[in-house]
Amino acid sequence: MNILILGGGGREHALAWAAMQNPKCDRLIVAPGNAGVAEIAECASLNIEDGSAVADFASANSIDFVIIGPEAPLAAGVADDLRASGILCFGPSKAAAELEASKRFTKEVCDAAGAPTAAWARFDAAGPAKDYIRSQGVPIVVKADGLAAGKGVIVAMTEAEALAAIDEMFGGTFGEAGAEVVIEEFMQGEEASYFVLCDGETVLPIGTAQDHKRVGDGDTGPNTGGMGAYSPAPILEGAVAERALEEIVKPTMAEMARRGTPYQGVLYVGLMIEDGAPRLVEYNVRFGDPECQVLMMRLGAQALDLMLACAEGRLGETQVNWADDHAMTVVMAANGYPGSYEKGSVIGGLDAMPEDSAHMVFHAGTAERDGKVVANGGRVLNVTARGSDLAEARERAYAMIDGIDWPGGFFRRDIGWRSLDG
Ligand code: AMP
Ligand code: GLY
């Protein structure tokens, strides 16, 4: 079959890598892709948030299956346009993508489903929001309702910070996304994410992961899109995972179906776990980036079969074949990230990297210039390895990093510390 993947980051490189290993995949196009993707698939330039452009492109290229990577095309309704054109597609409808696109929507669905999450209130004006903060005390969490590229959440430790966050949101820092604000109880615990597929009816777990959001070693410095991840997440095994599935995920999916907007695609379930009890932090309507890279490393070629079964409503008859393995990915980012950084620095040593079922360098933000791979984003490479335990995966990932010659970049040296050294 001919497959089109939308997106151009490390997540999409990992999806493409897994799909290519599956004999069902004849032709693979990734839009826009990047320099790493170009080594294994065709790259195409396409406005991936324009549903009719994507549907036209898919028809013109005899595409049988479209996998949507990032949230923006999902929130824009690209999955709806594809399905309306009769094209098989992995990813939720615009209505179901509200689970990521609106914090208030998610809170309402969780309340209707009885899913445990932080106590909350919503506001569309600064005055009442500030009164509420003063009445609740700190710590407290202030969130822009809409999509804000991961930046619309302020965990305030002092009242002054919380009040400043309100001024920022209603002052327009996050544009439309901040016109409505959700204020939440601060939850204690350890975070982990659970990834499940849902075909509108059946829920099928496909793995757990933990990422490292802070830029610096020891979880210090500003937040990023994620500096590394590993799977499985030990804190989210056994009874805790079972509780998350039964108390949070399944009731939410049932509520979405009851509303007439069943969820189809991968659901990223961000959880806070305290004393073995999971509560929902957030849903994302896509794979995490870089969590996807470790999941694909572990699932390999079957990932395509799973996504197909999800899109075709066959999850009830589908199983995941688990290996007893562990994977880790370490993000290499451009110096300066998550602040301002330069593009164009040359990355050496990639040609000598091993590429097999236990070692893979996924490209997150690269481009090709004069035959050389250059940095073209903030997060640039995802050095990913698999092993029989997490320590072996870590050893392999950092050994690969030793072979990469890129003075323009940096990485965290302590990915996995919570599980390995904590
Ligand atoms: P979100 O975009 O909603 O996932 O929030 C980003 C990050 O803020 C999460 O990964 C948590 O680390 C933190 N966070 C969000 N909501 C809460 C909460 N209610 N309590 C504690 N931390 C939170
Ligand atoms: N790594 C966090 C995310 O993809 O949202």
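Residues numbered from 1 in each chain as written. Chains lettered and ligands numbered in written order. Predicted model: local features only at pLDDT ≥ 70, side-chain atom pairs only at ≥ 80, totals over all residues. Heavy atoms only, no water.

Caption draft 1: Inspection of the site of ligand 2 at higher detail. For ligand 2, the full set of nearby residues is Asp 211, Gly 225, Tyr 268, Asn 284, Arg 286, Gly 288, Asp 289, Pro 290 and Glu 291. Asp 211 places a side-chain nitrogen or oxygen 3.1 Å from a nitrogen atom of ligand 2. With respect to ligand 2, the side chain of Glu 291 contributes an N or O atom lying 2.9 Å from a nitrogen atom. Of the residues belonging to the shell around ligand 2, the class tally is two nonpolar, three polar and four charged. (Near = heavy atom within 4 Å. Polar contact = N/O pair within 3.5 Å; in protein donor to acceptor, adjacent residues only side chain to side chain. Nonpolar A, V, L, I, M, F, W, Y, C, P; charged D, E, K, R; others polar.)

Caption draft 2: Quick peek at the site of ligand 1. Neighbouring residues of ligand 1: 15 residues in total, closest Glu 184, Glu 185, Met 187, Glu 191 and Glu 282. Between ligand 1 and Lys 213 there is a distance of 3.2 Å, counted from an oxygen atom to a side-chain nitrogen or oxygen. In this structure, an oxygen atom belonging to ligand 1 sits 2.8 Å away from a side-chain N or O atom of Glu 282. Protein contact buries 88% of the 470 Å² of open area that ligand 1 shows by itself. For the shell around ligand 1, the elements supplying multiple residues, two or more each, are β7 (140-144), β8 (153-156), β9 (181-185) and β16 (277-284). Considered class by class, the residues forming the shell around ligand 1 number eight nonpolar, no polar and seven charged. (Areas by Shrake-Rupley, 256 points an atom, 1.4 Å probe, with all protein chains shown as cover. Helix = DSSP H or I, 4+ residues; strand = E, 2+ residues; numbered from the N terminus.)

Caption draft 3: How the structure looks around the packing of aromatic side chains. Inspection of every chain in the model, using the stated rule, returns six aromatic pairs. Look at Phe 90 and Phe 287: their rings are 6.3 Å apart centre to centre, the planes differ by 25°, and that puts the pair in the stacked class. With a gap of 197 residues between them, Phe 90 in strand β5 (residues 88-90) and Phe 287 in the loop between β16 and α10 (291-299) connect regions that are remote in the sequence. Look at Phe 90 and you get buried, because its relative accessible area is 2%. What makes Phe 287 buried here is its relative accessible area of 4%. Ring centres of Tyr 398 and Phe 411 lie 6.2 Å apart, and the angle between their planes is 50°; on these two criteria the pair is classed as tilted. One end of the pair, Tyr 398, is in helix α12 (residues 390-402); the other, Phe 411, is in strand β23 (residues 409-411), and 13 residues separate them in sequence. Assessed through its relative accessible area of 14%, Tyr 398 is described here as buried. (Phe/Tyr/Trp six-rings, centres within 6.5 Å; stacked < 30°, edge-to-face > 60°. Buried < 20%, exposed > 50% of the residue type's maximum accessible area, 1.4 Å probe, protein only.)

Caption draft 4: How the structure looks around the sheet that holds β7. The sheet built from four strands is open, its strands ordered β6-β9-β7-β8 with antiparallel pairing. Bordering the open sheet on either side are β6 (120-123) and β8, each of which pairs with just one other strand. Each strand of the sheet is rotated relative to its neighbour by a mean of 20°, with strand direction disregarded. Note that β6 and β9 share four bridges and pair antiparallel. (Pairing = 2+ DSSP bridges. Axes fitted to C-alpha atoms, helices over the stretch in contact; angles between N-to-C directions.)

The analysis is restricted to geometry; functional conclusions fall outside its scope.
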